[in-house]
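Topology and contacts: notes
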Amino acid sequence: VQLQASGGGLVQTGGSLRLSCAASGRTFSAYTVAWFRQAPGKEREFVGGIFRRGGTTSYADSVKGRFTISRDNAKNTVYLQMSNLRPEDTAVYYCAASSTIIYSSLRVPSSYGYWGQGTLVTVSS
């Protein structure tokens, strides 16, 4: 599966953005999709994920209550709705997919075999 992330941009503190991760292929519903982010000089960190089929979601504590992940399998797209953005949310955001991941591996980048190219989110103070 090929992933294309989009929707990044510049936003003020407290603003909102919606990122999209569009996938190729007809079996997208069989993939668990996660969002990660990487700020300059920092390691890539888990933001949130949505499991295949059932759609259960999980979030990092730092974004819980502010970010929401959803998926539209008919459109082969996963969304990351980001609200109440903070300067510390500034990073390149990546989507990743796996058809075999289990819950305990959801937050581990090396668990994913497919990655999008990343989209930059900048939150100004």
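The model shown is predicted, which means the values in this text are computed figures rather than measured ones.

Here we come to the sheet that holds strand S3 (residues 17–23). Strand order across the open sheet formed by four strands is S1-S3-S8-S7, with antiparallel pairing between neighbours. Each having just a single partner strand, strand S1 (3–6) and strand S7 (67–72) make up the two edges of the open sheet. Each neighbouring strand pair of the sheet contributes to a mean axis angle of 15°, computed without reference to strand direction. With four bridges joining them, S1 and S3 adopt antiparallel strand pairing. Its bridge partner lying in S3, Gln4 is registered against Ala22.

Moving on: the environment of Lys64. Mapped onto the elements, Lys64 comes out in the loop between strand S6 (57–59) and S7. Here the alpha-carbon distance between Lys64 and Arg37, two residues 27 residues apart in the chain, equals 15 Å. For Lys64, the side chain forms a polar contact with the side chain of Asp61, separated by 3.2 Å.

Take Asn76: it is sitting in the loop between S7 and strand S8 (77–82). The exposure class assigned to Asn76 is buried, which follows from its relative accessible area of 16%. Discounting chain neighbours no more than four positions away, the residues touching Asn76 are Cys21, Ala22, Ala23, Ser24, Gly25 and Phe28.

Evaluation of the coordinates by the stated rule reveals one disulfide. Two residues, Cys21 and Cys95, share a disulfide whose sulfurs are 2.2 Å apart. On the S-S bond that ties Cys21 to Cys95, the torsion sits near 75°, and the link is right-handed. With Cys21 in strand S3 and Cys95 in strand S9 (residues 91–98), this pair connects stretches of sequence that are 74 residues apart. Each member of the pair, Cys21 as well as Cys95, is classed as buried.

Let us look at the pattern of salt bridges. One pass over the structure, following the stated rule, counts four salt bridges. For Glu45, the salt bridge goes to Arg37, with nearest N and O atoms at 2.6 Å. Relative accessible area serves as the criterion here: at 35%, Glu45 is assigned to the partly exposed category. Residue classification places Arg37 among the buried positions, given a relative accessible area of 6%.

Reading guide: rules and limits
Residues numbered from 1 in each chain as written. Predicted model: local features only at pLDDT ≥ 70, side-chain atom pairs only at ≥ 80, totals over all residues. Heavy atoms only, no water. Pairing = 2+ DSSP bridges. Helix = DSSP H or I, 4+ residues; strand = E, 2+ residues; numbered from the N terminus. Axes fitted to C-alpha atoms, helices over the stretch in contact; angles between N-to-C directions. Polar contact = N/O pair within 3.5 Å; in protein donor to acceptor, adjacent residues only side chain to side chain. Buried < 20%, exposed > 50% of the residue type's maximum accessible area, 1.4 Å probe, protein only. Contact = heavy atoms within 4.5 Å. Disulfide = S-S within 2.5 Å. Salt bridge = Lys/Arg side-chain N within 4 Å of Asp/Glu carboxyl O.

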